[in-house]
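Examination of the molecular architecture
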Amino acid sequence: MSKKIGILASLVASSLLIAGTAAATEQTPRVDQRQQNQAQRIGQGVRSGELTYRETKRLVNGQQHVRKLERRAKADGDVTAAERARLEAANDRQSKRIYRQKHDAQDRN
């Protein structure tokens, strides 16, 4: 069981690290800040035991998906209003998922 906790910690740590490097760009500061906040919420859920291994893995994958959308939006050098709206919607969905998983009846034992 402690091996899984170690894996969770490394997943969350890598997610925080990637979110921190993404914040270096100036085009999407709101998206970057939300990504960082959501990664911290996931990390807090792991530390408190509110998130199971499987839940954490899914949430981290969701964070990576939003980062992938952001990279695609920035690929041409400009983030349009439509791309920004899509990123905000993806962050909204991810935020709701984090909330639901942290507040369900499942706990890591």
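Structure: above.
Attention in this report is confined to the structure presented alongside it. As the structure is a prediction and not an experimental result, all values here were calculated from the model. Numbering of residues starts from 1 in each chain and follows the order in which that chain's sequence is written. Local features are withheld for residues below a pLDDT of 70 in this predicted model, meaning they are given only at 70 or higher, and side-chain atom pairs are given and counted only at 80 or more; totals for whole chains, interfaces and linings count all residues. Side-chain calculation: all heavy atoms of the structure are included, whereas hydrogens and water are not.

Some remarks on the overall build of the protein chain
- What the protein chain contains, in helices and strands, is 4 helices and 0 strands.
- In sequence order, the protein chain lays out its α and β elements as α-α-α-α.
- Sorting the 109 residues of the protein chain into buried and exposed places 36% on the buried side.
- A separation threshold of at least 6 residues defines the contact pool for the protein chain, and within that pool the share at least 24 residues apart is 78%.
- Here the open area of atoms and residues is found with the Shrake-Rupley method and a 1.4 Å probe, where only the protein chains shown may cover a residue. By element, 53% of the accessible surface of the protein chain is carried by carbon and sulfur atoms, the whole surface being about 6500 Å². Going along the chain from the N terminus, every DSSP run of H or I of four or more residues is numbered as a helix, and every run of E of two or more is numbered as a strand. Partly exposed describes any residue whose relative accessible area lies between the buried limit of under 20% and the exposed limit of over 50%, with all areas from a 1.4 Å probe on protein chains only and scaled to the type maximum. Should any heavy atoms of two residues lie within 4.5 Å, those residues are counted as being in contact.

Considerations on helix α3 (residues 53-74)
- Multiplying 1.5 Å by the residue count of a helix minus one yields the expected span of that helix. Its 22 residues give α3 an end-to-end C-alpha distance of 32 Å, which sits within 8% of 32 Å, the value for a rise of 1.5 Å per residue.
- Within the sequence span of α3, burial applies to Glu55, Thr56, Leu59, Val60, Gly62, Gln63, Val66, Arg67, Leu69, Glu70, Ala73 and Lys74.

Points about the packing of α3 against helix α4 (residues 81-102)
- α4 packs onto α3 with a crossing angle of 175 degrees between their chain directions and a minimal axis gap of 10 Å. Here α3 is positioned roughly antiparallel relative to α4, judged by the angle of their axes. Across from Glu55, Leu59, Gly62, Gln63, Val66, Leu69, Glu70 and Ala73 in α3, the residues of α4 making contact are Glu83, Arg86, Leu87, Ala90, Asn91, Gln94, Arg97, Ile98 and Gln101.
- Here the residues of the contact of α3 with α4 are counted per class, giving 7 nonpolar, 5 polar and 5 charged. Note on geometry: axes are C-alpha line fits, over the in-contact stretch for helices, and angles between N-to-C directions span 0 to 180 degrees. By the definition adopted for this analysis, an angle is roughly parallel if under 35 degrees, roughly antiparallel if over 145, roughly perpendicular if from 65 to 115, and oblique otherwise. Under the grouping applied here, Gly and all other residues not named as nonpolar or charged are polar, the nonpolar ones being Ala, Val, Leu, Ile, Met, Phe, Trp, Tyr, Cys and Pro and the charged ones Asp, Glu, Lys and Arg.

Structural notes on helix α2 (residues 29-48)
- For α2, built from 20 residues, the straight-helix expectation of 28 Å at 1.5 Å per residue is met to within 8% by its first-to-last C-alpha distance of 29 Å.
- Among all positions of α2, only Val31, Asp32, Arg34, Gln35, Gln38, Ala39, Ile42, Gly43, Gly45 and Val46 are buried.
- Immediately beyond the C-terminal end of α2, within one or two residues, lies glycine 49, with a positive phi of roughly 85 degrees.

What about the packing of α2 against α4?
- It is at 11 Å that the axes of α2 and α4 come closest, and there the two elements cross at 15 degrees. Taken together, the axes of α2 and α4 lie roughly parallel to each other. The element α2 and its partner α4 pack so that their crossing is left-handed. Of α4, the residues touching α2 (which contributes Arg30, Val31, Arg34, Gln35, Gln38, Arg41, Ile42, Gln44 and Gly45) are Leu87, Glu88, Asn91, Asp92, Gln94, Ser95, Ile98, Tyr99 and Lys102.
- Of the residues in the contact of α2 with α4, the class split is 5 nonpolar, 7 polar and 6 charged. Left-handed is the label given to a crossing in which the near helix is rotated counterclockwise from the far helix by less than a right angle, and right-handed is the label when the rotation is clockwise.

Remarks on the pattern of salt bridges
- Salt bridges are defined by distance alone: a side-chain nitrogen of Lys or Arg within 4 Å of a carboxyl oxygen of Asp or Glu. Overall, the coordinates contain 5 salt bridges when judged by the stated rule.
- In this structure, aspartate 92 engages arginine 34 in a salt bridge whose closest nitrogen and oxygen atoms are separated by 2.8 Å. Residue aspartate 92 is located in helix α4, and its partner arginine 34 is located in helix α2; the two are separated by 58 residues in the primary sequence.
- With a relative accessible area of 36%, aspartate 92 lands in the partly exposed category.
- Each of Arg30, Arg34, Glu88 and Asp92 takes part in salt bridges that share partners, so that together they form one network.

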